[in-house]
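Here are the chains, one letter per residue:
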Amino acid sequence: VLTIAQPFSNHNGGMIEFRNDNGTENLYIGMGDGGSGNDPQNNAQNINSLLGKFLRITPDVSGNDNNPAYTNPADNPFVGVSGADEIYAVGMRNPFRWSFDRDGTRQLWAGDVGQGAIEEVDIITKGGNYGWRVYEGTRCTNIDPQLCNPANYVAPVFQYDHTNGGCSVTGGYVYRGKQRTLPDGAYTYADFCTGEIWMWTGGQQILLQDTNRNVSSFGEDEDGELYVVGLGGTIEKIVHPEANADFGGDFKTDFSVFRPSNGFWYVLNSSDNSFRAAQFGQNGDVPVPEDYDGDFKTDLAVFRPSNGVWYYIKSSDNSVVSRQFGQNNDEPVAGDFDGDGQADLAVSRPGPEASSPRFFYILQSSTNTQRTQQWGTTGTDRPVAGDFDADGRADVAVYSEAGGFWYILQSSNNKFRAEQFGAGNFQDIPAPGDFDGDGRTDQAVFRKSTGVWYVLRSFNRAVQSTQFGIATDIPVAGDYDGDGLDDIAVVRRESGVTNWFYIRSRDNAFVGGQFGASTDLPIPAYDAP
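Rules and cut-offs
Residues numbered from 1 in each chain as written. Predicted model: local features only at pLDDT ≥ 70, side-chain atom pairs only at ≥ 80, totals over all residues. Heavy atoms only, no water. Salt bridge = Lys/Arg side-chain N within 4 Å of Asp/Glu carboxyl O. Buried < 20%, exposed > 50% of the residue type's maximum accessible area, 1.4 Å probe, protein only. Phe/Tyr/Trp six-rings, centres within 6.5 Å; stacked < 30°, edge-to-face > 60°. Helix = DSSP H or I, 4+ residues; strand = E, 2+ residues; numbered from the N terminus. Lys NZ or Arg CZ within 6 Å of the ring centre and 35° of its normal. Pairing = 2+ DSSP bridges.

A.B. asks: Help me out: how do you make sense of the pattern of salt bridges in this one?
C.D. replies: In a structure, side chains of opposite charge can pair up when their charged atoms sit close to one another. In the structure shown here, the tally under the stated rule is 22 salt bridges. With a shortest N-O distance of 3.1 Å, Glu136 and Arg139 are connected by a salt bridge. Take Glu136: its relative accessible area is 4%, and that puts it in the buried class. Arg139 gets classed as partly exposed once you look at its relative accessible area, which sits at 39%. Residues joined in a network through salt bridges with shared partners are Arg19, Asp21, Arg56, Asp75 and Lys126.

Shown next, in the form of structure tokens:
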């Protein structure tokens with residue numbers, strides 16, 4: 001279609017992508033300045049050169065070999081005047097990774113690699129001049145000092161320098177995903193040299209993760225979720241680092257309990273070690289802590305089995321919500337079943353006989369409609385919460401305590417999945433969590449007779465067995481260290497108090513602490529990861 005000579009071996013760009021412009025599929029091409037250093041041929045500012053530019057052409061798809069391979073859109077800035085007709089924007093150094101925002105006007109965001117001082121991100125518009133080689137970011141290079149007038153160029157949306165080891169920006173995507181992994185409209189990018197992955201939101205550059213990857217690209221799936229590509233051959237999904245029983249919003253599980261005798265909640269905030277006590281509930285209530293308002297913080301919440309009413313306090317504005325959904329003897333199984341980032345009220349209703357089927361009733365917060373699903377049997381199956389297929393939605397699932405089977409209805413494709421992982425004969429307590437950090441809930445059990453944990457890692461299907469606990473312990477898996485992986489953890493009631501023990505996943509260290517009375521209910525056991 002188009003061949004462009006390269007005078008040097010570097011700065012060759014690296015991306016092409018189509019965009020529909022008013023019904024026409026145009027091909028956009030990001031071209032580097034031709035290479036070497038400091039653009040010795042001044043290609044980026046030369047409107048007769050295709051180097052150091054964004055180009056836009058309309059490829060011929062008629063199949064007629066007599067037609068030219070492409071035409072140029074009539075509104076390209078240099079059509080009919082001096083300059084190359086293919087040019088869309090000028091003044092680029094090496095925009096090797098860029099993308100279109102899938103929302104609204106489909107803006108073109110580009111990471112433009114700097115020379116030796118500044119990395120920049122631009123929104124590319126038709127006819128824009130982004131400054132190179134006169135400017136590197138907002139810094140005059142003094143290669144052409146007489147041209148250093150910022151009014152003549154389009155400034156970056158943002159930039160960063162090389163002070164902390166950065167050397168080469170890798171442009172990413174504007175996040176428009178359905179799973180609320182990042183704030184809507186946040187732009188992701190990385191630095192190739194440091195491995196740091198960042199987002200630009202609210203006028204700030206915020207570090208998402210410091211990796212050991214040479215991040216060479218990003219990817220976007222059909223749901224708008226984002227992936228990171230490492231030059232060493234890795235492709236990893238960006239997932240939201242949420243934790244269960246996280247009342248402070250620091251992505252760490254907090255030591256927290258509900259005291260049935262007085263209806264008080266007690267929370268030890270992991271973010272600052274502060275103590276919180278709040279009366280919300282009464283004896284007989286079942287704690288149902290979840291994020292009901294979508295602010296990434298766990299809300300105080302109870303389900304009252306006697307009347308089927310849910311009560312919760314929205315952490316976003318401290319308002320109290322009460323909603324009747326359920327009936328006496330229903331078992332609460334709140335979770336985000338519709339993937340809107342807010343937990344849905346849900347119950348599993350056992351039947352009158354041990355052999356009776358269970359029914360799940362889910363009030364979907366996105367539409368305020370009820371979903372009903374028959375799943376499991378009354379006498380042997382225990383409802384379990386989790387996103388076992390990593391689609392951002394909780395799956396309807398049960399664990400058969402009699403047979404050790406997990407029965408999962410995958411929300412991503414509505415397929416039934418049955419897998420034995422557990423001893424059966426009511427020996428194991430299901431303790432699911434994301435122990436390998438791949439965004440999928442792992443099947444896991446705690447064996448009461450031996451105090452051994454068994455985890456089936458979804459990432460590689462490897463089985464992990466860990467001796468941690470005694471027969472009377474209660475499993476309370478959670479991400480206590482905030483590393484994005486759930487930790488094996490138990491609470492032990494003894495001598496009138498509740499002791500907490502967990503294995504810190506980031507360094508395999510043993511951690512213990514005392515928090516709560518022996519009659520308290522440990523919250524992480526009621527808010528599954």
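A.B. asks: Explanation requested: the packing of aromatic side chains in the structure shown.
C.D. replies: How two aromatic rings sit relative to each other is set out by the distance from centre to centre and by the angle between their planes. Using the criterion set out here, one finds 31 aromatic pairs in the structure. Pairing Phe158 with Tyr189 gives two aromatic rings, centres 4.9 Å apart and planes at 45°, and the pair type is tilted. Of this pair, Phe158 sits in strand S11 (residues 158-161) while Tyr189 sits in strand S13 (residues 187-191), and the two are 31 residues apart along the sequence. Their ring planes at 70° and their centres at 5.5 Å tell us that Trp375 and Phe416 sit as a pair that is edge-to-face. Pair noted here: Trp375 is in strand S29 (residues 369-377) and Phe416 is in strand S33 (residues 416-420), with a separation of 41 residues, a long-range link. For the cation-ring pair, Arg93 lies above Trp132, with the distance from its terminal atom to the ring centre recorded as 5.5 Å.

A.B. asks: Hey, could you run me through the pairing of strand S12 (residues 169-174) in this one?
C.D. replies: The side chains of a regular strand alternate, residue by residue, between the two faces of the sheet. Across the 6 residues of S12, 6 count as buried, placing the element largely inside the fold. Pairing geometry for S12 and S13, over 4 bridges, is antiparallel. Residue pairing for S13: Thr170 is matched across the bridge by Ala190.

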